[in-house]
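# A look at the structure
The lines below spell out each chain.
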Amino acid sequence: MKLTEVKAIVEQSTKDGVPAFFKNLIPVTPSWDQFLNHFNYQLNKGPAIKAMNDAPNYKILNGVQQKHGFYYQVRDVINEPGKSRNFFPEVSNLKNLFDMVYEENAWGCTSFINFNSNEPNVPSHADDWVNVHWQCQGSTVWETRTSPEDTEPSFVYNMEPGDVIVVPTGVQHAVNHIMPRAGIVLSYQFKDSPNRPKSANEKGNHIKRPFVIPESYELE
């Protein structure tokens with residue numbers, strides 16, 4: 001799919017307040033071995049991170065956040081000199097595309113891993129930034145709702161390896177775990193972004209890497 005097509009779909013979905021779903025957009029995905037090696041590196045060698053929220057059941061294990069039992073979020077999927085080894089060369093295809101779509105450098109890139117299909121599902125919530133989720137291993141079922149009070153989802157997406165879902169700022173979404181899975185998430189329009197919607201919460205002081213058009217990138 002061409003950049004112009006992806007950009008048009010994302011812009012329309014953002015206007016409509018719904019996710020943009022792309023079937024098998026990035027078909028070459030990282031393997032389980034890559035996720036496990038990255039997990040092991042961040043668990044044992046990665047620098048300690050601050051908790052991303054104050055949930056009492058979350059634990060910080062160096063570069064890994066344990067959300068529940070066998071459900072983890074792992075930092076630094078994007079390779080940065082002097083900060084993390086490059087475990088995921090495939091992620092450049094995803095990042096280059098959506099850096100161009102949003103015309104900014106992804107603020108962050110983390111992996112989400114479930115080793116157990118019986119982990120609690122992620123309840124419906126909305127984030128104050130854009131999430132671009134790339135399903136890499138296993139499958140998940142994503143749901144969106146118009147408001148937190150809705151008992152039934154507005155849309156349901158069956159995410160399989162290679163699929164990408166873009167969740168705009170403020171859109172309610174939930175994730176159902178149906179098997180062990182691994183995925184990668186890029187964040188855009190974060191607290192320091194000039195493109196951040198005015199309706200989002202106050203901006204914070206975060207260092208932003210400058211946006212640079214990737215070399216030899218096809219603009220069409």
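See the structure shown above.
Anyway, here's the lowdown on the structure attached to this text. Predicted, not measured: the structure shown is a model, and the values here were computed from it. (Residues numbered from 1 in each chain as written. Predicted model: local features only at pLDDT ≥ 70, side-chain atom pairs only at ≥ 80, totals over all residues. Heavy atoms only, no water.)

### A look at the pairing of strand 5 (residues 108-114)
Taken across its 7 residues, strand 5 has 7 buried, putting it largely inside the fold. The side-chain alternation of strand 5 yields two buried faces, one formed by Gly-108, Thr-110, Phe-112 and Asn-114 and the other by Cys-109, Ser-111 and Ile-113. Here strand 4 (residues 71-74) pairs with strand 5 via 4 bridges, running antiparallel. Of the residues in strand 5, the one forming a bridge with Tyr-71 is Asn-114. Note: strand 5 against strand 12 (residues 181-188), 7 bridges, orientation antiparallel. Following the sheet pairing, Ile-113 is matched in strand 12 by Ala-182. (Buried < 20%, exposed > 50% of the residue type's maximum accessible area, 1.4 Å probe, protein only. Helix = DSSP H or I, 4+ residues; strand = E, 2+ residues; numbered from the N terminus. Pairing = 2+ DSSP bridges.)

### Notes on the sheet that holds strand 3 (residues 64-68)
What the 8 strands build is an open sheet, ordered 1-10-7-12-5-4-3-2; its pairing is antiparallel. Unpaired on one side and paired on the other, strand 1 (20-22) and strand 2 (59-61) mark the two borders of the sheet. The average undirected angle you get between the axes of adjacent strands in this sheet is 20 degrees. Where strand 7 (residues 130-137) lies against strand 12, 7 bridges are found, and the strand directions are antiparallel. By the bridge assignment for strand 12, Gln-135 is matched with Gly-183. Relative to the sheet, helix 2 (residues 32-44) contacts strand 2, strand 3, strand 4, strand 5, strand 7 and strand 12, its axis offset from that of strand 5 by approximately 110 degrees. (Axes fitted to C-alpha atoms, helices over the stretch in contact; angles between N-to-C directions. Contact = heavy atoms within 4.5 Å.)

### Digging into the sheet that holds strand 6 (residues 122-125)
Taken together, the 4 strands give an open sheet; going across it, the order is 6-11-8-9, and neighbouring strands pair in antiparallel fashion. On the outer flanks of this sheet lie strand 6 and strand 9 (155-159), each paired with one strand and no other. When the angles between neighbouring strand axes are averaged without regard to direction, this sheet yields 20 degrees. For strand 8 (residues 140-145) and strand 11 (residues 172-177), the ladder comprises 6 bridges, and the chain directions are antiparallel. Each residue of the ladder has a partner; that of Val-141, found in strand 11, is Asn-176.

### As for the nonpolar core
Nonpolar side chains in soluble globular proteins tend to end up buried together. Residues Phe-98, Val-132, Val-164 and Val-166 are the most contacted members of the largest nonpolar core, which totals 37 residues. Contact partners of Val-132, with chain neighbours within four places excluded, come to Leu-94, Phe-98, Tyr-102, Val-164, Ile-165, Val-166, Ile-184, Val-185, Leu-186 and Tyr-188. Grouped together as the second largest cluster of nonpolar side chains are 11 residues, Tyr-71, Phe-112, Val-175 and Val-185 included. (Core = buried A, V, L, I, M, F, W, Y, C linked by side-chain atoms within 4.5 Å.)

### A short note on helix 2
Between its terminal C-alpha atoms helix 2 stretches 18 Å, which fits the 18 Å expected from 13 residues at 1.5 Å a residue. Looking only at helix 2, the buried set comprises Gln-34, Phe-35, His-38, Phe-39, Tyr-41 and Gln-42. All buried residues of helix 2 project into a common sector of 165 degrees when viewed along the axis, lining one side. Pointing more than 90 degrees away from the buried face of helix 2 are the exposed residues Asp-33 and Asn-44. (Expected span 1.5 Å × (residues − 1). Arc of directions from axis to C-beta.)

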